[in-house]
Amino acid sequence: MGDPLGPFGRDRTRLSKNAVMDPQRTVADLGEFKLIDEVVKQVGTGQHVLIGPGDDAAQVSTKGGSYLVSTDVLIEGRHFRRDWSSAAEIGQKAAACNLSDISAMGGVANALTVGFAAPGDLAADWVIEMIKGFVFECDHIGARIVGGDVTASDKIVIAVTAMGEAHRPVRRSGAAPGDIVAFAGRLGWAGAGFAALSRGFRSPKLAVDAHRVPHPPYAAGPQAAGIGATSMTDVSDGLLADAGHIAVASGVAIDFESSCFEIAEPVATVGEALGVDPLTFVLTGGDDYALVATFSAQTVLPKEWTRIGVVTDGTGVTVDGVPYEGAQGHEHFR
Ligand SMILES: [Mg+2]
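This one's a predicted model, so the numbers in the text were calculated from it and none came from an experiment.

Trainee: Explain the domain arrangement of the protein to me, please; I cannot follow it from the model alone.
Mentor: By convention, interface size is frequently given as the accessible area that disappears when the constituent parts associate. According to the domain assignment, the protein contains domain 1 (48-165) and domain 2 (180-319). Of note, the centres of domain 1 and domain 2, computed from C-alpha atoms alone, are 22 Å apart. Listed by partner, the interface residues are 21 residues for domain 1 and 20 residues for domain 2. Across the interface of domain 1 and domain 2, roughly 1700 Å² is buried in total on both sides, 56% from carbon and sulfur atoms. Area buried by domain 1 at its contact with domain 2 is led by Trp84, Lys93 and Ser103, which between them contribute 38% of it. Here domain 1 is connected to domain 2 by one salt bridge. Counting every contact that joins domain 1 to domain 2 gives seven residue pairs in polar contact (both at pLDDT 80 or more). The element contributing the most residues to the side of domain 1 that touches domain 2 is helix H2 (residues 87-103), with nine residues.

Trainee: What should I look at first to understand the pattern of salt bridges in this one?
Mentor: A pair can form between side chains of opposite charge whenever their charged atoms are brought close. Summed over the entire model, instances satisfying the criterion amount to 12 salt bridges. Measuring nitrogen to oxygen at the nearest pair gives 3.1 Å for the salt bridge that ties Lys132 to Glu129. Taken together, the positions of Lys132 and Glu129, both in helix H3 (residues 124-139) and three residues apart, correspond to about one turn of that helix. Judged by relative accessible area, Lys132 falls into the exposed class, the value being 51%. With a shortest N-O distance of 3.0 Å, Asp139 and Arg144 are connected by a salt bridge. The partly exposed category is assigned to Arg144, whose relative accessible area is 45%.

Trainee: Sorry if this is basic, but what is going on with unusual backbone geometry here?
Mentor: Glycine aside, negative phi is the norm for most residues, and most peptide bonds take the trans geometry. In the segment running from Ser203 into Pro204, the intervening peptide bond is cis, with an omega of 0°. One non-glycine residue, Asp320, adopts positive backbone phi at about 55°. Here Asp320 lies in the segment after strand E12 (316-319). Given the relative accessible area of 46%, Asp320 is considered partly exposed.

Trainee: What exactly am I supposed to notice about helix H1 (residues 27-43) here?
Mentor: Because each turn of an α-helix spans 3.6 residues, side chains separated by three or four positions end up pointing in the same direction. Here H1 spans only 18 Å end to end across 17 residues, well under the 24 Å set by a 1.5 Å rise per residue. At Phe33, H1 is deflected by roughly 80°, the largest bend along its length. Turning to H1, its buried residues number three or more, namely Leu30, Gly31 and Glu32. Positive backbone phi, approximately 65°, marks Gly44, located one or two places after H1.

Trainee: Looking at this structure, how should I read a nonpolar patch on the surface?
Mentor: On the surface, a nonpolar cluster with roughly 300 Å² of combined accessible area is contributed by Ile36, Val39, Val40 and Val43. Summarising the element assignment, Val43 is placed in helix H1.

Trainee: Looking at this model, I keep getting lost on H3. Mind explaining?
Mentor: In a regular helix each residue adds 1.5 Å, so 16 residues correspond to 22 Å; H3 covers 23 Å between its end C-alpha atoms and thus fits that length. Burial in H3 covers these residues: Trp126, Met130, Gly133, Phe134, Glu137 and Cys138. Taken down its axis, H3 places every buried residue within 130° of arc, on the same side. Summarising the geometry of H3, the exposed residues directed more than 90 degrees from the buried face are Ala124, Asp125 and Lys132.

Trainee: Hey, could you run me through the environment of Phe201 in this one?
Mentor: Tracing the backbone through its elements, the reader meets Phe201 in the loop between helix H4 (189-198) and helix H5 (205-212). Take Phe201: its relative accessible area is 39%, and that puts it in the partly exposed class. Distance in space between the C-alpha atoms of Phe201 and Val270 is 9.8 Å, their sequence separation being 69 residues. With residues up to four places along the chain from it excluded, the contact list for Phe201 reads Ala196 and Leu274.

Trainee: Looking at this model, I keep getting lost on the sheet that holds strand E8 (residues 231-235). Mind explaining?
Mentor: For sheets, the rule is that strands pair by backbone hydrogen bonds, running either parallel or antiparallel. Spatially, the six strands line up as an open sheet ordered E8-E10-E7-E11-E9-E12, and their pairing is mixed. Both outer strands of the open sheet, E8 and E12, are each paired with one neighbouring strand and no more. Across the sheet, the axes of successive neighbouring strands diverge by a mean angle of 25°, strand direction being ignored. Relative to strand E10 (residues 290-295), strand E7 (residues 180-184) runs antiparallel, the two sharing five bridges. Following the sheet pairing, Val181 is matched in E10 by Thr294. Across the sheet, helix H7 (residues 239-250) lies against E8, strand E9 (253-256), E10, strand E11 (306-312) and E12, angled at about 155° from E8, the strand it touches most.

Trainee: Help me understand the sheet that holds strand E1 (residues 49-51) in this model?
Mentor: The strand order across the open sheet formed by six strands is E1-E2-E3-E6-E4-E5, and the pairing between neighbours is mixed. Strands with a single pairing partner mark the edges of an open sheet, and in this sheet they are E1 and strand E5 (144-152). Strand-to-strand twist across the sheet, computed as the mean angle between neighbouring axes with direction ignored, equals 25°. Of the strand pairs in this sheet, strand E3 (residues 66-75) and strand E6 (residues 157-165) are connected by eight bridges, and their pairing is antiparallel. Bridge pairing in E6 places Val69 opposite Met163. Along the sheet face, H2 touches E3, strand E4 (108-118) and E6 and points at about 145° away from the line of E3.

What counts, and where the lines are drawn
Residues numbered from 1 in each chain as written. Predicted model: local features only at pLDDT ≥ 70, side-chain atom pairs only at ≥ 80, totals over all residues. Heavy atoms only, no water. Domains from an automatic or database assignment. Contact = heavy atoms within 4.5 Å. Buried area = accessible area lost by both parts, 1.4 Å probe. Salt bridge = Lys/Arg side-chain N within 4 Å of Asp/Glu carboxyl O. Polar contact = N/O pair within 3.5 Å; in protein donor to acceptor, adjacent residues only side chain to side chain. Helix = DSSP H or I, 4+ residues; strand = E, 2+ residues; numbered from the N terminus. Buried < 20%, exposed > 50% of the residue type's maximum accessible area, 1.4 Å probe, protein only. Expected span 1.5 Å × (residues − 1). Bend = angle between axes of the 7 residues up to and from the residue. Patch = residues over 30% accessible without salt bridge, like charges linked within 9 Å, V, L, I, M, F, W, Y side chains within 5 Å. Areas by Shrake-Rupley, 256 points an atom, 1.4 Å probe, with all protein chains shown as cover. Arc of directions from axis to C-beta. Pairing = 2+ DSSP bridges. Axes fitted to C-alpha atoms, helices over the stretch in contact; angles between N-to-C directions.

Put into structure tokens, the structure is as follows:
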């Protein structure tokens, strides 16, 4: 037996090896967000943590300043399918969703590490093509892969950590009643493409391609921070769901005005073909990595940003004053 006090003088025997666990309470019972809440309770904070869990990225102080860091895991069959997307497209998407989280803080990503797991019979060229997609996407903003890890698993797993910098990080918690809500990028395109692919269609091409490779408006993140955005997040799970995170973090209500949304043609086409109100894709479709932000009412929005709603007193997210009927976006384990 070694010294029970570790190198930093802590009693290492204090962590129970025989914790009483409730085998009946599963992660699916809790759901993604309650599980994260319970995990966050355990991690605490520290003097270097300027922004901890709960935003699109954390902010950690250094001697010279600070950096942003965020992580995301993509699993084959859940986040991507090899029969729907090429290796390069999957790499692009894995990079994009991580770079977007840094942008959603008002920052610019500059470095990524990539954890990669795959079955041994995967073609080596698939991995090379995937990394080419990664590098291509990172080139949009000058970010670089700086390290990673490779291991074996039954399914392909791509775990990415992105790091970057922001002059003034924008959190989810700063929205105030009276603010306006605006978005940059695309809404509903990837959701419509996913719906089409799910029904066995391979068109309309623009929607299907949007599902395969998102086009996050990377520059709009720092732009919003520069003009005083009070809160911001990226739309990964659906506009209503992600705006809901701003509403909860800020202690406000958000009301979207349906007349403010222009339905893009590929989204309308899928809606018509599948008999679905295309606004459903705009409000609940994920994977476009648009940015949604709030600004004080007098802010003059640059052309990249479109006003779509208002922040009010209260709780929850509504459309034209009433809760939106239908799917509310994606939550893992549900
Ligand atoms: Mg995000």
